[in-house]
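# Architecture at a glance
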Amino acid sequence: AQKVTQAQTEISVVEKEDVTLDCVYETRDTTYYLFWYKQPPSGELVFLIRRNSFDEQNEISGRYSWNFQKSTSSFNFTITASQVVDSAVYFCALSGSGTASKLTFGTGTRLQVTL
Amino acid sequence: NAGVTQTPKFQVLKTGQSMTLQCAQDMNHEYMSWYRQDPGMGLRLIHYSVGAGITDQGEVPNGYNVSRSTTEDFPLRLLSAAPSQTSVYFCASSNRGRSGANVLTFGAGSRLTVL
């Protein structure tokens, strides 16, 4: 069975601070895919990134960066110089190959960025 | 291009009533699915479909029914609503059904309350 753990239920930071959201996963598949989605207060789900299990390169996109480490089964997400607009619930998710896009989600981390 | 459209956005039901949550996508996506989101539990897969005429159960299928008569539509039916089905429901689609790599496009969500 697959499992995704986001141990941080809620994080509060002041604007311009850096913040890291943790994601730990469990799977028996050798090929799998990891995702991060953002859910702003308006409620929609916004795709942020997908990472393949065979590609451990870290990725940076503007103020966002992702650190994928197979050795620790982690796929952590860092926001540099956080902004109020980053306030949202962030979900980490996992799917196996050939599983018809069946995502297993973590319970989410609520990020509150204040001035 | 509307993407994934869910109706209604809000619905209040009494225990035992039936209703259908509608989901339509205009992207010619093979794969469609329904998730429910509950506080502290992330999103959980209810049912999914890899193409017209093909449906399968997800993690929490009990109390829900689906069918896929066209590529565009994937309605979710509650035959006899229960308070435990109070939740926010998300429909999602992706362009290739048989790969866990696919990125899901989500609808805006439907908030259902069962009294």
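Scroll up to find the structure this text is about.
Residues numbered from 1 in each chain as written. Chains lettered and ligands numbered in written order. Predicted model: local features only at pLDDT ≥ 70, side-chain atom pairs only at ≥ 80, totals over all residues. Heavy atoms only, no water.

Moving on to the sheet that holds strand β8 (residues 76-78) of chain B. All names here are of chain B. If you walk across this open sheet you meet the 4 strands as β1-β3-β8-β7, and the pairing is antiparallel. The sheet terminates laterally at β1 (4-7) and β7 (64-66), the two strands that pair on one side only. In this sheet, neighbouring strand axes are inclined to one another by 20° on average, regardless of whether the strands run parallel or antiparallel. With 3 bridges joining them, strand β3 (residues 19-25) and β8 adopt antiparallel strand pairing. Paired with L21 across the two strands is L76, which belongs to β8. (Pairing = 2+ DSSP bridges. Helix = DSSP H or I, 4+ residues; strand = E, 2+ residues; numbered from the N terminus. Axes fitted to C-alpha atoms, helices over the stretch in contact; angles between N-to-C directions.)

Quick look at the packing of aromatic side chains now. For the structure on display, the rule yields 20 aromatic pairs over all chains. Pairing A:W66 with A:F77 gives two aromatic rings, centres 5.0 Å apart and planes at 5°, and the pair type is stacked. Placement of A:W66 in strand β8 (residues 64-69) and of A:F77 in strand β9 (residues 74-79) is noted, with a sequence separation of 11 residues between them. What makes A:W66 buried here is its relative accessible area of 4%. Chaining the aromatic ring pairs together yields one cluster made of A:F35, A:Y37, A:F47, A:F91, A:F105, B:Y35, B:F90 and B:F106. (Phe/Tyr/Trp six-rings, centres within 6.5 Å; stacked < 30°, edge-to-face > 60°. Buried < 20%, exposed > 50% of the residue type's maximum accessible area, 1.4 Å probe, protein only.)

Bringing the layout of surface pockets into the picture now. If you add up the space inside the largest pocket, you get close to 730 Å³. Lining of the largest pocket is provided by 34 residues; of these, A:Q39, A:R110, B:Q37, B:V88 and B:R111 occupy positions nearest its centre. Among the elements of the structure, β10 (88-96) and β12 (109-114) of chain A together with β4 (31-38), β9 (87-94) and β11 (110-114) of chain B are those that each provide at least two residues to the lining of the largest pocket. Of the residues assigned to the lining of the largest pocket, the class counts are 13 nonpolar, 17 polar and 4 charged. In this structure, the second largest pocket encloses a volume near 320 Å³. In terms of lining, the second largest pocket is formed by 17 residues, of which the most central are A:Q2, A:L103, A:T104, A:F105 and B:E59. Within the residue set of the lining of the second largest pocket, elements represented by two or more residues are β1 (3-5) and β11 (104-105) of chain A together with β5 (42-51) of chain B. (1 Å grid on protein atoms, 1.4 Å probe; cavity = no way out; pocket = protein on both sides within 12 Å on 5 of 7 lines; lining within 4 Å. Points joined across faces, edges and corners; volume = space filled by probe spheres on them. Nonpolar A, V, L, I, M, F, W, Y, C, P; charged D, E, K, R; others polar.)

Further remarks concern the nonpolar core. Grouped burial of nonpolar side chains is what soluble globular proteins tend to show. Counting 23 residues, the largest nonpolar core has A:W36, A:F75, A:F77, A:Y90 and A:L111 as its most contacted members. At the level of elements, β2 (10-14), β3 (19-21), β5 (32-39), β8, β9, β10 and β12 of chain A are the ones that each hand at least two residues to this core. Ranked by residues supplied to this core, first place goes to β10(A) with 4 residues. A:Y33, B:Y48, B:F90 and B:A101 belong to the second-largest nonpolar core, a separate cluster that totals 21 residues. (Core = buried A, V, L, I, M, F, W, Y, C linked by side-chain atoms within 4.5 Å.)

All names here are of chain A. Counted by the stated rule, this structure contains 2 disulfides over all chains. Disulfide partner of C23: C92, at an S-S distance of 2.0 Å. Judged by the torsion about the S-S bond (-65°), the C23/C92 disulfide is left-handed. Taken as a pair, C23 in the loop between β3 and β4 (24-26) and C92 in strand β10 lie far apart in primary sequence, 69 residues in all. C92 carries the same exposure label as C23, and that label is buried. (Disulfide = S-S within 2.5 Å.)

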